[in-house]
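Structure at a glance
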Amino acid sequence: MVEQAQRPSIGAVGALLLYPDDTIQHAGVVLGIGGVAGHSHKGFPAINSGYYNQLTTVNNYSAVTGACLMCRREVYEQVGGLDETLAVAFNDVDFCLKLIKQGYRNICLPYAVLYHYESKSRGYEDTPEKEARFKQESKLMKQRWGELLKNDPCYSPNLSRVRQDYSIRLNNDENQVVAIHLSEDWEVFLGCAIDSPQIGESFDRENLVLKGWALGKHSPVVEVAFFYQDSLLGKSIMNQKREDVSRAFPAVPYADQSGFITTLDISEIPSEVKLRILATMEDGNKVPMVTILLRSDILDNL
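Remember, it's a predicted structure, so these values are computed and weren't measured experimentally.

**Side note on unusual backbone geometry**
- Cis geometry is found at the peptide bond from Ser 196 to Pro 197, where omega equals 0°.
- In this structure, Tyr 52 takes a positive phi of about 50° despite not being glycine.
- Mapped onto the elements, Tyr 52 comes out in the loop between β4 (37-39) and β5 (59-61).
- Phi angles above zero are rare outside glycine, and Asn 53 is one such case at about 60°.
- Assessed through its relative accessible area of 41%, Asn 53 is described here as partly exposed.

Right, dumping it as structure tokens:
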């Protein structure tokens with residue numbers, strides 16, 4: 001008599017979560033994206049069927065988000081629940097990986113659909129304390145699960161560890177400036193530019209040097225702030241002398257002090273990053289100035 005193999009028990013069950021604009025926020029978690037983990041199909045329209053109908057079928061994932069997670073109490077207690085040393089970030093991923101280690105499987109149900117206003121209750125990662133906490137939690141996850149983060153058993157090694165759209169993994173994904181979009185708000189800016197880095201250039205994955213200039217039309221730019229999502233990465237005052245800008249705009253008295261330069265620590269932010277640069281004008285207005293898309297495959301550095 002052949003004994004039937006016992007099927008793994010279900011550990012955690014997650015839901016399909018949508019942003020208010022009906023795009024996907026969570027459809028399962030993929031390890032390694034962003035250094036620790038990223039959300040499957042993030043940004044896809046809710047009506048999209050996904051990679052090989054993955055958004056319309058029940059699938060195994062290494063983890064699901066704790067924003068909407070269901071688990072049997074005895075299973076939860078068996079693995080010790082959520083680790084309180086991971087106070088905010090990655091405690092759900094850590095919990096799900098502990099379930100896998102005990103032989104359970106985690107799944108995402110596309111039929112359970114909810115709206116999720118991400119980070120609305122806990123606020124933004126915009127203080128030194130919050131930034132330090134996030135870096136420490138990322139470091140702990142890499143120390144604890146490093147090898148597994150490099151090789152998600154529910155995700156093909158031939159797919160991107162940079163993007164969250166199940167596209168093919170490319171060899172030229174490493175440390176590249178993909179795009180720079182300057183503001184075209186001509187009511188606010190006479191002009192602005194990013195001198196370094198430029199599109200196609202490689203960059204240091206630990207420290208990104210940003211250099212540029214900005215000239216307000218009715219009010220000088222006094223400061224620029226750099227954000228990843230809602231997390232403040234750094235600020236720079238406009239204290240760099242720019243004779244080239246002054247020559248281009250001779251009638252503007254503050255054109256010769258319109259430059260900025262700063263170094264940002266980007267070692268703990270995801271491997272595909274859209275940086276936002278916000279300009280603060282002398283009159284107090286804060287205006288979007290530039291977005292920069294960076295791409296880096298950092299899996300080898302985990």
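**A closer look at empty space enclosed by the protein**
- Tallying each qualifying case throughout the model produces 2 cavities of 30 Å³ or more.
- Taken as a whole, the largest cavity encloses approximately 50 Å³ of empty space.
- Together, Leu 16, Ala 27, Gln 54, Leu 55, Thr 57, Asn 59, Tyr 61, Cys 108, Leu 109 and Pro 110 line the largest cavity.
- Sorting elements by how many residues they give to the lining of the largest cavity places strand β7 (residues 105-115) first, with 3 residues.

**Digging into the pattern of salt bridges**
- For the structure shown, the criterion picks out 8 salt bridges.
- With a closest N to O distance of 3.0 Å, Arg 73 and Glu 77 form a salt bridge. On the criterion of helical spacing, the pair formed by Arg 73 and Glu 77 is a turn pair, its members being 4 residues apart in helix α1 (residues 73-78).
- Its relative accessible area of 64% is what places Arg 73 among the exposed residues.
- Across the pair Lys 241 and Asp 256 runs a salt bridge whose closest N-O atoms are separated by 3.6 Å. Linking Lys 241 in the loop between β12 (231-237) and α4 (243-248) with Asp 256 in the loop between α4 and β13 (259-265), this pair joins segments that are 15 residues apart in sequence.
- Note on Asp 256: relative accessible area 23%, which makes it partly exposed.

How each quantity is defined
- Residues numbered from 1 in each chain as written.
- Predicted model: local features only at pLDDT ≥ 70, side-chain atom pairs only at ≥ 80, totals over all residues.
- Heavy atoms only, no water.
- Helix = DSSP H or I, 4+ residues; strand = E, 2+ residues; numbered from the N terminus.
- Buried < 20%, exposed > 50% of the residue type's maximum accessible area, 1.4 Å probe, protein only.
- 1 Å grid on protein atoms, 1.4 Å probe; cavity = no way out; pocket = protein on both sides within 12 Å on 5 of 7 lines; lining within 4 Å.
- Points joined across faces, edges and corners; volume = space filled by probe spheres on them.
- Salt bridge = Lys/Arg side-chain N within 4 Å of Asp/Glu carboxyl O.

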